[in-house]
Amino acid sequence: MEMEASPFESTEMLATFLASTPLLSNSWKLCDSANSLLNHSFVSEQSGAIGYVAFSGAQPVSLSPTDAGNLEVLNSVFSCLQHENEEGEETEEPVMVHGGFLRVFLSIYDDPSFQYQISGILEKSKSIVITGHSAGGPIASLCALWLLCYLETESITNVSVLCITFGSTLVGNESLSRAILRQRWTGNFCHVVSKHDIVPRLLFAPLPLLIPHLHSLLQFWQLSMTSPHFGPLSANLPYQTISDIFTNVAASLQQLIQTRAEGVTKMTCAFWPFGNYFFCSQDGAICIDNAISVVKMMHLLLSTTTTTPISSIEDHLKYGDYVSRISFQFLNKRSFLPDDFPESSYEAGVSLALHSSGLGSQDPVAQDCLKLARRMGRTPSLNCANLAIRLSKITPYRAEIEWYKACCDKSDDGLGYYDSFKQRGGSKRDYKVNMNRHKLNQFWDNVIKMLENNELPLDFERRAKWINASQFYKLLVEPLDIAEYYRTGMQVVKGHYVKHGRERRYKIFDRWWNDRTVKEEDKKKKKRRSKFASLTQDTCFWAKVEEAREWLDNLRSEIDPRNQNNLWDNINVFERYARELVERKEVSKDVLAKNSSYCMWVKDYQVVKAQVRPQFPTFMDGEVVP
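So what exactly am I meant to see when it comes to the overall build of the protein chain here?
Each helix and strand counted, the protein chain has 27 helices and eleven strands in total. By the burial criterion, 51% of the 626 residues in the protein chain qualify as buried. In the structure as shown, the protein chain presents an accessible area of about 30000 Å², 53% of it carried by carbon and sulfur atoms.

What should I look at first to understand helix H4 (residues 112–124) in this one?
Working note: α-helix, 3.6 residues per turn, so residues spaced by three or four point in the same direction. A rise of 1.5 Å per residue sets the reference length of H4, with its 13 residues, at 18 Å; its end C-alpha atoms lie 19 Å apart and thus fit the reference within 8%. Those residues of H4 not exposed but buried are Phe114, Ile118, Ile121 and Leu122. Around the axis of H4, the buried residues are gathered within 100° of arc, so they sit on the same side. In this structure, H4 carries Pro112, Tyr116, Glu123 and Lys124 as exposed residues pointing more than 90 degrees from its buried face. In this structure, the buried residues of H4 make contact with strand S1 (42–47), strand S2 (50–55), helix H3 (99–109), strand S5 (127–133) and helix H5 (136–153). Its side-chain oxygen placed 2.9 Å from the backbone nitrogen of Ser113, Asp111 serves as the N-cap of H4.

Hey, could you run me through the environment of Ser155 in this one?
Tracing the chain through its elements places Ser155 in the loop between H5 and strand S6 (160–166). Exposure remark for Ser155: the relative accessible area of 48% places this residue in the partly exposed category.

Just to check I follow, could you spell out the nonpolar core for this structure?
The nonpolar side chains of soluble globular proteins are, as a tendency, buried together. Counting 59 residues, the largest nonpolar core has Trp444, Phe460 and Tyr598 as the members making the most contacts within it. Among all residues touching Phe460, those that are not within four sequence positions of it are Cys384, Leu387, Val447, Leu451, Trp466 and Trp512.

Where do I start with the pattern of salt bridges in this structure?
Side chains carrying opposite charge are able to pair once their charged atoms draw close together. Scanning the model with the defined rule gives 21 salt bridges in all. A salt bridge links Lys405 to Asp590, with the shortest nitrogen-to-oxygen separation between them at 3.9 Å. Note that Lys405 is positioned in helix H17 (residues 395–410) and Asp590 in the loop between helix H26 (561–583) and helix H27 (597–612), a separation of 185 residues in sequence. Its relative accessible area of 3% is what places Asp590 among the buried residues. Between Arg579 and Glu575 there is a salt bridge; the shortest N-O distance is 2.9 Å. Remark: Glu575 and Arg579 occur in helix H26; sequence separation between them is four residues, near one turn of the helix. For Arg579, a relative accessible area of 34% gives the class partly exposed. Within the structure, one salt-bridge network assembled from shared partners comprises Arg437, Asp445, Asp481, Glu503 and Arg505.

Just checking my understanding: could you explain the side chain of His299 for this structure?
Tracing the backbone through its elements, the reader meets His299 in helix H11 (residues 291–302). Note on His299: relative accessible area 18%, which makes it buried. In this structure, His299 is in contact with Ala250, Leu253, Gln254 and Ile257, ignoring residues within four places of it in sequence.

Can you help me understand the packing of H17 against helix H20 (residues 464–487) in this one?
Across the interface, H17 lies against H20 with an axial gap of 11 Å and an inter-helix angle of 55°. Considering their axes alone, H17 and H20 lie oblique with respect to each other. The two elements H17 and H20 meet at a crossing, and its hand is left-handed. Only Phe472, Leu476, Val477 and Leu480 of H20 make contact with H17, whose side of the interface consists of Arg398, Ile401 and Glu402. Per-class residue counts for the contact of H17 with H20 are five nonpolar, no polar and two charged.

Hey, could you run me through the state of the cysteines in this one?
Taken as a whole and judged by the stated rule, the model has one disulfide. The side chain of Cys80 participates in a disulfide bridge whose partner is Cys149; the two sulfur atoms lie 2.3 Å from each other. In this structure the cystine formed by Cys80 and Cys149 twists about its S-S bond by roughly -100°; its chirality is therefore left-handed. Of this pair, Cys80 sits in the loop between strand S3 (71–73) and strand S4 (96–98) while Cys149 is found in helix H5, placing the two residues 69 residues apart along the sequence. For Cys80, a relative accessible area of 19% translates into the label buried. Looking at Cys149, the relative accessible area reads 1%, which means it is buried. Note on Cys287: no disulfide assigned, nearest cysteine sulfur contributed by Cys190 at a separation of 5.3 Å. Cys408 supplies the cysteine sulfur nearest to Cys407, a cysteine that is in no disulfide, at a spacing of 6.9 Å.

The rules behind the values
- Residues numbered from 1 in each chain as written.
- Predicted model: local features only at pLDDT ≥ 70, side-chain atom pairs only at ≥ 80, totals over all residues.
- Heavy atoms only, no water.
- Helix = DSSP H or I, 4+ residues; strand = E, 2+ residues; numbered from the N terminus.
- Buried < 20%, exposed > 50% of the residue type's maximum accessible area, 1.4 Å probe, protein only.
- Areas by Shrake-Rupley, 256 points an atom, 1.4 Å probe, with all protein chains shown as cover.
- Expected span 1.5 Å × (residues − 1).
- Arc of directions from axis to C-beta.
- Contact = heavy atoms within 4.5 Å.
- Polar contact = N/O pair within 3.5 Å; in protein donor to acceptor, adjacent residues only side chain to side chain.
- Core = buried A, V, L, I, M, F, W, Y, C linked by side-chain atoms within 4.5 Å.
- Salt bridge = Lys/Arg side-chain N within 4 Å of Asp/Glu carboxyl O.
- Axes fitted to C-alpha atoms, helices over the stretch in contact; angles between N-to-C directions.
- Parallel < 35°, antiparallel > 145°, perpendicular 65-115°, else oblique.
- Left-handed = near helix turned anticlockwise from the far one by under 90°.
- Nonpolar A, V, L, I, M, F, W, Y, C, P; charged D, E, K, R; others polar.
- Disulfide = S-S within 2.5 Å.

If you want it as structure tokens, here you go:
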């Protein structure tokens, strides 16, 4: 199948759609209100089913030499953004954000008034728009990230979140950008950036270049919130300061683009864009979500002949003007077609986008930038279709493992599926099953990778086909992964499987299965099993058996009564859990094979219990006897 490109240019169409809604104008109005109340860190408003929260641009952010540009690791309230590197995976820098902005947000987060207002908005709203201008933009982004993490942790799916910032600085590193892609939250962020505004571009410049101007920058941020009350810009910021800021930022952007073009992808910039960028000019707007294209567009717009150091500062104060007339600009632009308008629908889209950005329609660099932003390769739908074909091709691998399980369950040795694989020899059959296990793991790891790279449809993990396929794979293959883990002694090196060895894909598939939509009639039809399951429903069952075996071994040699009690409590909890699982017939019959690890454990448990009980007369099966 040939590589497919998008049949039309989407950047200008996305911008048109956003401009046709009241979201931009409503967000800016509330930002303006927040800016005018300098003693308030945020304001909120309810508009029908939409709740708005706006953060003031006059935030008390420290721009001292020790704080400016200082990146800090996110704390536990953003836990879902942290990515654990798996074995064999290239080590990724932790998700980090600007320390000054993080501390301001956390101080707001700890305010009972903030928690109270957010709770009220969550109760009344189907959608929440979080917005902020200037220094309020990064705070809005952090608030949106926190809220998205909270909604995911609490499994709240009936509330959507959109963050709209105006003239916001960058807030985090490239790992943050990748984490947002993995979480599929790119569409939840829209950063409005005017053509010449220097503020969104500031943190592309290295910290040493900014330090001499930190006081002036802080002064500018504060004065910009009260712009109607101060005189000419040159009276508040010396021209040389403005010129130095402009020169350093422009040079840093150019160098960053050059190093990326040369293949240098690390340590080129501490901060990195994420989400959608809505670039607006006197002629309209375009919307881009490709980070490299965002950087290039920021450089292109800043380096146009109409940009001056003064305009790069003053443009930061004009978002109200841009928002108020942007819808009219789109309608007016479509009322005429230039004589040289392209015949191709794709080229027409590019021309409209270039015209909207205020760049010349024939600018080759700008055209390349937009083509980069355009989706290359198969579209998500085609990727999904191709993945379905590949899923059918790996079915024989799965069938061979099912056949292997059936043979193990019928074997005279009474070991069962799990223990047969754990104690396997060097036969051709054992080798082939192990290879099939690896092939299935690779396929599903690739599915996760494509999903996190936004190469699959947004609702992919909610489609029954893939939920069921991943669940069956997990039930069939994870017991083999556990067997291999303990066969090779990895519990000694890393610790027990459940906490220290479980692959991330299984945790993701757990979430898919638990979050699936189950119809009420299906819940009512669910009956108690009349026969054992074909596959044990708790895929970590055998790992828990292995841990329980260790507890029994430790109990035999433990001499401290307190430690003995703790071990005995753990053992009894597992015994009840396993017994109830068997009674509900939620295990496969291989669990009850006469020589399986579980049956051997039960026998050992009965022996140890008989030996230990006389020593602890006040305890009976883990319960206090009066």
